[in-house]
Amino acid sequence: MHSTLLRRSLSNLKGPEKNYNILVVGGGIAGHALAFFLHRYGMKPVVVERAPELRLSGHWVDLQDEGKEVAWRMGIESKVREKITGDLGIHIVDSTGRLQASLDVDNFGEKGSVEEIEIRRAELAKILYEYIRNDVEYVFGDSPQAIDDRGDKVQVKFASGNLREFDLVVGADGIHSKTRRLVFGDESPISYANFYTAYFSIPRSDSDGNCVRFCSAPGGRSVALRPDNQDQTQAYLCFRSKERGYEKLDVDMQKRLIQKLFADAGFEAPRILRELPNADDFYFNTVGQVKMDRWSKGRVALVGDAGYSPSPLTGMGANVALVGAYILAGELSRHLNHNEAFKQYEAWMRPYVTKTQKIIPGILRVGLPNTRTAIALRNGVLRFVFRPAITRFVTKLFTPKAGQKNVLPNYEVVSTP
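Because the structure is a prediction, the values reported are computed rather than measured. (Residues numbered from 1 in each chain as written. Predicted model: local features only at pLDDT ≥ 70, side-chain atom pairs only at ≥ 80, totals over all residues. Heavy atoms only, no water.)

Undergrad: What am I meant to see in the overall build of the protein here?
TA: Of the regular secondary structure elements, the protein holds 14 helices and 18 strands. Across the 417 residues of the protein, 51% fall into the buried class. Expressed as a percentage of contacts within the protein between residues at least 6 apart in sequence, the contacts between residues at least 24 apart total 74%. (Helix = DSSP H or I, 4+ residues; strand = E, 2+ residues; numbered from the N terminus. Buried < 20%, exposed > 50% of the residue type's maximum accessible area, 1.4 Å probe, protein only. Contact = heavy atoms within 4.5 Å.)

Undergrad: Just to check I follow, could you spell out the sheet that holds strand β17 (residues 296-297) for this structure?
TA: Sheet strands line up and pair through hydrogen bonds in the backbone, either parallel or antiparallel. Read from one edge to the other, the open sheet built from 6 strands follows the order β7-β2-β1-β11-β18-β17, with strand pairing classed as mixed. Unpaired on one side and paired on the other, β7 (137-140) and β17 mark the two borders of the sheet. Sitting on the sheet, helix α11 (residues 338-356) touches β11 (168-171), β17 and β18 (300-302), and the angle it makes with β18 is about 15°. (Pairing = 2+ DSSP bridges. Axes fitted to C-alpha atoms, helices over the stretch in contact; angles between N-to-C directions.)

Undergrad: Looking at this structure, how should I read the nonpolar core?
TA: Nonpolar side chains in soluble globular proteins generally cluster together in the buried interior. The biggest cluster of nonpolar side chains holds 66 residues, and the ones touching the most others in it are L332 and M349. Core analysis: the next-biggest nonpolar cluster, separate from the first, contains 24 residues, C215, A235, L237 and A269 among them. (Core = buried A, V, L, I, M, F, W, Y, C linked by side-chain atoms within 4.5 Å.)

Undergrad: Honestly, the pattern of salt bridges in this entry has me stumped. Any pointers?
TA: Oppositely charged side chains can form a pair if their charged atoms are brought close together. A full pass over the atoms with the stated rule returns 17 salt bridges. In this structure, the salt-bridge partner of R55 is E49, at a minimum N-O distance of 3.0 Å. Among the residues examined, R55 registers a relative accessible area of 31% and is labelled partly exposed. Among the ionic pairs, E137 bridges to R164, the shortest N-O distance being 3.0 Å. Of the two residues, E137 is situated in strand β7 and R164 in strand β10 (residues 163-166); the sequence distance between them amounts to 27 residues. (Salt bridge = Lys/Arg side-chain N within 4 Å of Asp/Glu carboxyl O.)

Undergrad: What is the right way to look at the side chain of T314 in this model?
TA: As for its placement among the helices and strands, T314 is situated in the loop between α9 (305-308) and α10 (317-334). In contact with T314, not counting residues within four places along its chain, are Q289, T356, Q357, K358 and I359.

Undergrad: Honestly, the packing of α10 against α11 in this entry has me stumped. Any pointers?
TA: Axes are the key here: two packed helices are described by the angle between their axes and the distance separating the axes. The geometry of α10 relative to α11 is characterised by a closest axis approach of 8 Å and an angle of 155° between their N-to-C directions. Taken as axis vectors, α10 and α11 run roughly antiparallel relative to one another. For α10 against α11, the interelement crossing comes out right-handed. Contacts from N319, V320, V323, G324, I327, L328, E331 and L332 in α10 reach H338, A341, F342, Q344, Y345, W348, M349, Y352 and T356 in α11. (Parallel < 35°, antiparallel > 145°, perpendicular 65-115°, else oblique. Left-handed = near helix turned anticlockwise from the far one by under 90°.)

Undergrad: Any chance you could explain α11 here in plain terms?
TA: An α-helical turn contains 3.6 residues, so a residue and the one three or four places further along point in the same direction. Taking 1.5 Å as the rise per residue, α11 with 19 residues should run 27 Å; its terminal C-alpha atoms sit 26 Å apart, in good agreement. Considering bend angle alone, the principal kink of α11 is centred on M349 and spans about 35°; proline P351 follows within four residues of it. Where the residues of α11 are buried, they touch α3 (65-74), β11, β17, β18, α9 and α10. (Expected span 1.5 Å × (residues − 1). Bend = angle between axes of the 7 residues up to and from the residue.)

Undergrad: Could you clarify how one ought to interpret the packing of helix α2 (residues 29-40) against helix α5 (residues 121-132) in this entry?
TA: In contact at an axis separation of 9 Å, α2 and α5 are set at 25° when each is read in the N-to-C sense. Considered as vectors, α2 and α5 are oriented roughly parallel to each other. Crossing of α2 over α5 shows left-handed handedness. Residues I29, H32, A33, A35, F36 and H39 of α2 touch α5, and the partners they reach there are R121, L124, A125, L128, Y129, Y131 and I132.

Undergrad: Which parts of the structure should I look at to understand the packing of aromatic side chains?
TA: Aromatic rings considered in pairs are described by the distance between their centres and by the relative angle of their planes. What the rule picks out here adds up to 22 aromatic pairs. For the pair F239 and F262, a centre-to-centre distance of 6.4 Å together with 70° between the ring planes defines the contact as edge-to-face. One end of the pair, F239, is in strand β15 (residues 232-240); the other, F262, is in the loop between α7 (251-261) and α8 (269-275), with 23 residues separating them in the sequence. For the ring pair W295 and Y345, a centre distance of 6.0 Å and an interplane angle of 55° mean the geometry is tilted. (Phe/Tyr/Trp six-rings, centres within 6.5 Å; stacked < 30°, edge-to-face > 60°.)

Put into structure tokens, the structure is as follows:
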């Protein structure tokens, strides 16, 4: 009922008097969501994605609080709930697969940890794309090569050779955003965590069950398996390293690197590595946060990971993407002057981003210990923390109270100054 009423009210929005023609660079969660709200508010988005087709790879994402509310305001609640995870908890195991500690979802109480919605990134992206694809122009297999802000328009030259003009350009092209590099310069705003991650799908096995299985290996490595709601299991391989540039290697070299690093990791690593050469949804990247003093310059702005990636360590990436898209589109619908819209967008988002970028101190040392002794000690601590009473106490301690949550602006009634 809630979603239906919101869809009806949103469909009757008064759009901005200036009918912005906006290029959205990036066909991920932020790009799809931004295109959705720009179209809803009467603007004309064009989404360009350098991949030849919709990307269907990626890890699981959590929708919490404001992010979940934005998704529901889009009217996709029923579609999302059809795809949410069915796992029952997490098992910490040793290199032989023996159980060391176990956390069941029931330990959190009736409402779960923080009433999160967990869904595969690929599923969420597909839902968003299918919801908007018939209303928005999508260009796959292309990307900007030059962005020329001419004051009254932005001229964009694409890799295909096409030359087009737009009123505004928004970079939604991830942590290594080319839009950011072309417009804001070569200086990297990425704060690296000295941590890499790879994930891909492998055929499901009877041993996978319904729980996540997680194993740490010496040298700051981890192997995890998570059954999804299809006939596959997601494999996650993570490792700590101060080396830079692995994310720039081609896919074959990245796979060879993974094969070398995890050859002696134990647990299910041999099974995972056997499937690695044939994985067509392989994803590999460095982990870090994007921190910038401003998210706009002239007629170009950034949204999601391109401007303020919180990193997978926070579990908030999908949330800031959805909320950022909603706020940016909403402020553009309220203001005839894009500079004022960008200013208000940043004013609302800055405190929210600061909050979501907070990382629990020592999380890498706990998640990826370097020695066997540290791994054994960590597992012992988790056996204690994972007790139902302790888990509920910790959850209550860290769950934000209602007054601490951000109240999203209501853009249903748009007034232009």
